[in-house]
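Residue strings, one per chain:
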Amino acid sequence: MTQHIRPDFDSRASQWDNLPRRVALARAVVEAIIAEADPQPGMRMLDYGAGTGLVTLGLLPLVREAIAVDSSRGMLEQLETKAKEAGITNLQTCFIDLDSEWHLPQGIDLLVSSMTMHHVPEPAPLMAHFKECMNPGAQLCIADLELEDGSFHDDATGIPHKGFSVKDMEGYFREAGFVDVRTVLVIAVKKEREGAIQEYPVNLTIGKA
Ligand SMILES: C[S@@+](CC[C@H](N)C(=O)[O-])C[C@H]1O[C@@H](n2cnc3c(N)ncnc32)[C@H](O)[C@@H]1O
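Residues numbered from 1 in each chain as written. Predicted model: local features only at pLDDT ≥ 70, side-chain atom pairs only at ≥ 80, totals over all residues. Heavy atoms only, no water.

Student: Is there a simple way to think about the site of the ligand in this case?
Tutor: Near the ligand there are 18 residues, and of these Y48, G49, D70, S71 and S114 occur at the shortest range. Here an oxygen atom of the ligand sits 3.3 Å away from a polar atom, N or O, in the side chain of T116. Its free accessible area being 590 Å², the ligand has 93% of it covered by the protein chains. By residue class, the composition of the shell around the ligand is ten nonpolar, seven polar and one charged. (Near = heavy atom within 4 Å. Polar contact = N/O pair within 3.5 Å; in protein donor to acceptor, adjacent residues only side chain to side chain. Areas by Shrake-Rupley, 256 points an atom, 1.4 Å probe, with all protein chains shown as cover. Nonpolar A, V, L, I, M, F, W, Y, C, P; charged D, E, K, R; others polar.)

Student: Can you walk me through the sheet that holds strand β2 (residues 65-70) in this structure?
Tutor: Two pairing modes exist for strands in a sheet, parallel and antiparallel, and in both the strands are linked by backbone hydrogen bonds. With mixed pairing, the seven strands of this open sheet are ordered in space as β3-β2-β1-β4-β5-β7-β6. Two strands close off the open sheet at either side, each with one partner strand: β3 (91-95) and β6 (179-193). When strand polarity is set aside, the average angle formed by the axes of neighbouring strands in this sheet is 15°. (Pairing = 2+ DSSP bridges. Helix = DSSP H or I, 4+ residues; strand = E, 2+ residues; numbered from the N terminus. Axes fitted to C-alpha atoms, helices over the stretch in contact; angles between N-to-C directions.)

Student: Hey, could you run me through the packing of aromatic side chains in this one?
Tutor: The geometry of an aromatic ring pair is captured by two quantities: the separation of the ring centres and the angle between the planes. Following the criterion strictly, the structure yields six aromatic pairs and no others. Arranged with centres 6.1 Å apart and planes meeting at 25°, the rings of Y48 and W102 form a pair that is stacked. Remark: W102 occurs in the loop between β3 and β4 (108-114) and Y48 occurs in strand β1 (residues 44-48); sequence separation between them is 54 residues. Looking at W102, the relative accessible area reads 22%, which means it is partly exposed. A centroid spacing of 6.1 Å and a plane angle of 85° characterise the contact between F164 and Y172, whose relative ring orientation is edge-to-face. Three or more aromatic residues joined by ring pairs form one cluster here, namely Y48, W102 and F130. Here R73 stacks its cationic end above the ring of F95, 3.9 Å away from the centre of that ring. (Phe/Tyr/Trp six-rings, centres within 6.5 Å; stacked < 30°, edge-to-face > 60°. Buried < 20%, exposed > 50% of the residue type's maximum accessible area, 1.4 Å probe, protein only. Lys NZ or Arg CZ within 6 Å of the ring centre and 35° of its normal.)

Student: Looking at this structure, how should I read the pattern of salt bridges?
Tutor: Side-chain pairs of opposite charge can arise whenever the charged atoms involved come near each other. Applying the stated rule across the entire model yields ten salt bridges. In this structure, D99 and R6 form a salt bridge, with 3.0 Å as the shortest nitrogen-oxygen distance. With D99 in the loop between β3 and β4 and R6 in the segment before α1 (20-37), this residue pair connects regions lying 93 residues apart in the sequence. Residue classification places R6 among the partly exposed positions, given a relative accessible area of 36%. A salt bridge links E65 to R64, with the shortest nitrogen-to-oxygen separation between them at 2.7 Å. Taken together, the salt bridges that share partners define one network made up of R44, R64 and E65. (Salt bridge = Lys/Arg side-chain N within 4 Å of Asp/Glu carboxyl O.)

Student: Is there a simple way to explain helix α3 (residues 73-85) in this structure?
Tutor: Given 3.6 residues to a turn, an α-helix orients residues that are three or four positions apart in the same direction. Here α3 is 13 residues long and its end C-alpha atoms lie 18 Å apart, about the 18 Å a rise of 1.5 Å per residue gives. Within the sequence span of α3, burial applies to G74, M75, L76, L79 and A83. In this structure, the buried side of α3 is in contact with α2 (54-59), β2 and β3. Within two residues after α3, G87 carries a phi angle of roughly 70°, on the positive side. (Expected span 1.5 Å × (residues − 1). Contact = heavy atoms within 4.5 Å.)

Have a look at this one:
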């Protein structure tokens, strides 16, 4: 059996928040979700692939509670430390072992995910599971790279998608049964590639369960 090699987020976790470009991207995603999905004080939010919580913590003050899900214990530990230092009590972390069976919690009113879907080998069954976990009328907000040429990551080993076209991402939403699906541009991430500045658009796709 071929073992799928995945990027090692544990080893990068302690330095994750030190890159201003990454923090700015997360901030832009938070602002786009606020503008498009209008988080409310009664909502139970889930952040899939929450990492160190750059997006989770940006939205948490606007909702009742949040669950930060990730497949890296190291990333979640960084989030737990920040939450403890800030005295936050309405946040749970949830580690998932991708090599075992796992299920997300139910009763979600707002499900967000930022820069994670391109790491998911099969988005379609995951989107179907998102739908099962969400209350009727709940909103799904997925931010990810627009289809790129494969140069976004310095090392793309083990990363299954070079972003997504708007058509493909919206297709995943509709196939899973989400309605009122739409996409907005969040930000264009700039990186130096072969002596020139290359732009990588990041989109936010929104749909209703
Ligand atoms: C690029 S980081 C983004 C983290 C965070 N959302 C942010 O915007 O800063 C991707 C995160 O997804 C997690 N991840 C990768 N593959 C995953 C999967 N299949 N399921 C859940 N989380 C995954 C990684 O551990 C990492 O924390």
